[in-house]
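# Commentary on secondary and tertiary structure
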Amino acid sequence: RAWWDRHFPCHQWCGHRVHMKIVSHTVTALEKERDYNRACAVYRFLLRAFPTSRRRGEWFLRLSLDLQHLGKKLKSLEVAEDAVEDPYVRFGNLHALQKRVHRLSVPPLRWRKPAIPRVTKRTPTHNHLAVPFLPSSVGRKSAVLFPSRGEACDAPASSQSSAGEKATSPIVISTDADCTKDSWTVEQCILQQYAVNGGWRGYHCEGSVWRTLFGILMWEVIFADVVDAFAHPHQSFPLDMFSQSFARKRQNIVDSHLRRLAGTIGTCPSCGGTVVPDVDEEKDDHGAKASTTTPSSSSSSSSGDDTSVDDVREGTTSLAALIAEKWERHYDKQCIGVQWKRFALEDLQQIAIGVGGKRLSKIFLAFLDGYHHRLGGMPDLVLWRHCCGQQIPRIDSWQPSTPTPCRVSVKVCEVKGPRDRLSSSQECWIDLLLSFGLDVEVFHLQELPGPTIPEKHRT
């Protein structure tokens, strides 16, 4: 492992990676045939042959599960305990293995509680909505029946059901939506629900908004002149983008960019006033969690950690102007994660202003800690609502009217169907975003019995 890190940190682009993928597909076929003995042998070979692969967490998890299928619970627990100590097991896989260690550490396998700390899990707001689903086959995305124009959907909904009680209220789907289809996806249904109840705007992006903002605002970090990072001028990302040494090699420029971002202020594009981000202040500490490890935790203490970001005083740089400047300078250039045609500049500015520069810098720290490990699991929907300041007349006519401050509210939402549940990566991202003070909701869609499915939709 030390030899790999010292000689060639970009080894994922070598020819042996092709062989690793072939063997990985082979072991998947063995598991489908329930040949767990041979599957365990292949997983042990992969873990021994590729000591720095970013897929080690997946291999450890599958090996532990296959050993349990063979009835070897003690060996399964030992594999999970070894995986938790592996430095290349990160984020979602680490969270799943930690839960597995606590689940298997019961008598007679273990008489003491494991020394591994439990993953702190913050609870988001859970909402429920019952809608009529269309019949679908296995492997296809669920679809929701869209009512005809002029009709309403009287499906019950509940909000903040953390205590187990559901407060019902009628759900009205807008008849003014520009939709010619007879059905919606579950994400489109929830987007329309937020638009009707609260005037929220949103994207079904699954993290594309955050990756686009990361690529635009951290452009100089991604394309920094680092030795052996670029082999030809047409690369959209450096060769060491997915390695753990990415942020460490660019520590100075990373620190300067994060400090500048944390010191920005939001300005309203309409009236030019200062925008107040409508997010709660951070309530819990998150420096000890494995899922929120920053690049500074693996490098020197003088790097850009959360403390240095929080200590930056509010500056005079406009966050909207900073995004617009980089947008005009780099527009339509290829960069990993950036989708120029999908998102409008004004929408990205309002989302960034609503989140705030400090919280946005902390989200970018998570990407810098391990870009590949953070790609999956982000909430499905990003929603925002902009309330521009208006003059409110005072009751006393002799007093001047006072303008209300501009406010941008941002929330993220994960949508789950009737039989879906949160994955380990999704739980880690939700816990991480909640620790930053963002508003996170999980919307559970339930099947609504009653409405008759039209004949043309039956299979």
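Everything discussed here concerns the structure shown above.
Here the structure is a predicted model, which is why all the values come from computation and not from measurement.

If you trace the backbone, Arg 90 turns up in the loop between helix H5 (73-84) and helix H6 (91-104). Apart from the residues within four sequence positions on either side, Arg 90 is in contact with Gln 244, Asp 369 and His 373.

In total, this model carries 18 salt bridges according to the counting rule given. Residue Lys 99 pairs with Glu 427 through a salt bridge whose shortest N-O separation is 3.2 Å. Here Glu 427 lies in helix H16 (residues 424-435) and Lys 99 lies in helix H6, a separation of 328 residues in the sequence. Using a relative accessible area of 32% as the deciding quantity, one classes Lys 99 as partly exposed. On the accessibility criterion, Glu 427 (13% relative accessible area) is buried. Residue Glu 220 pairs with Lys 326 through a salt bridge whose shortest N-O separation is 2.8 Å.

With respect to the secondary-structure elements, Ala 195 resides in helix H7 (residues 186-196). You can call Ala 195 partly exposed: its relative accessible area is 35%. Through-space distance from the C-alpha of Ala 195 to that of Arg 385 is 9.6 Å; in sequence the pair is 190 residues apart.

A few words on the pairing of strand E11 (residues 439-447). Bridge analysis of strand E1 (residues 125-131) against E11 gives seven bridges, and the strand direction is parallel. Considered in E11, the bridge of His 126 is made with Val 442. Sheet topology note: the strand E10 (residues 406-416)/E11 ladder contains six bridges and is parallel. Across the sheet, residue Lys 416 finds its bridge partner in E11, namely His 444.

Definitions and cut-offs
- Residues numbered from 1 in each chain as written.
- Predicted model: local features only at pLDDT ≥ 70, side-chain atom pairs only at ≥ 80, totals over all residues.
- Heavy atoms only, no water.
- Helix = DSSP H or I, 4+ residues; strand = E, 2+ residues; numbered from the N terminus.
- Contact = heavy atoms within 4.5 Å.
- Salt bridge = Lys/Arg side-chain N within 4 Å of Asp/Glu carboxyl O.
- Buried < 20%, exposed > 50% of the residue type's maximum accessible area, 1.4 Å probe, protein only.
- Pairing = 2+ DSSP bridges.

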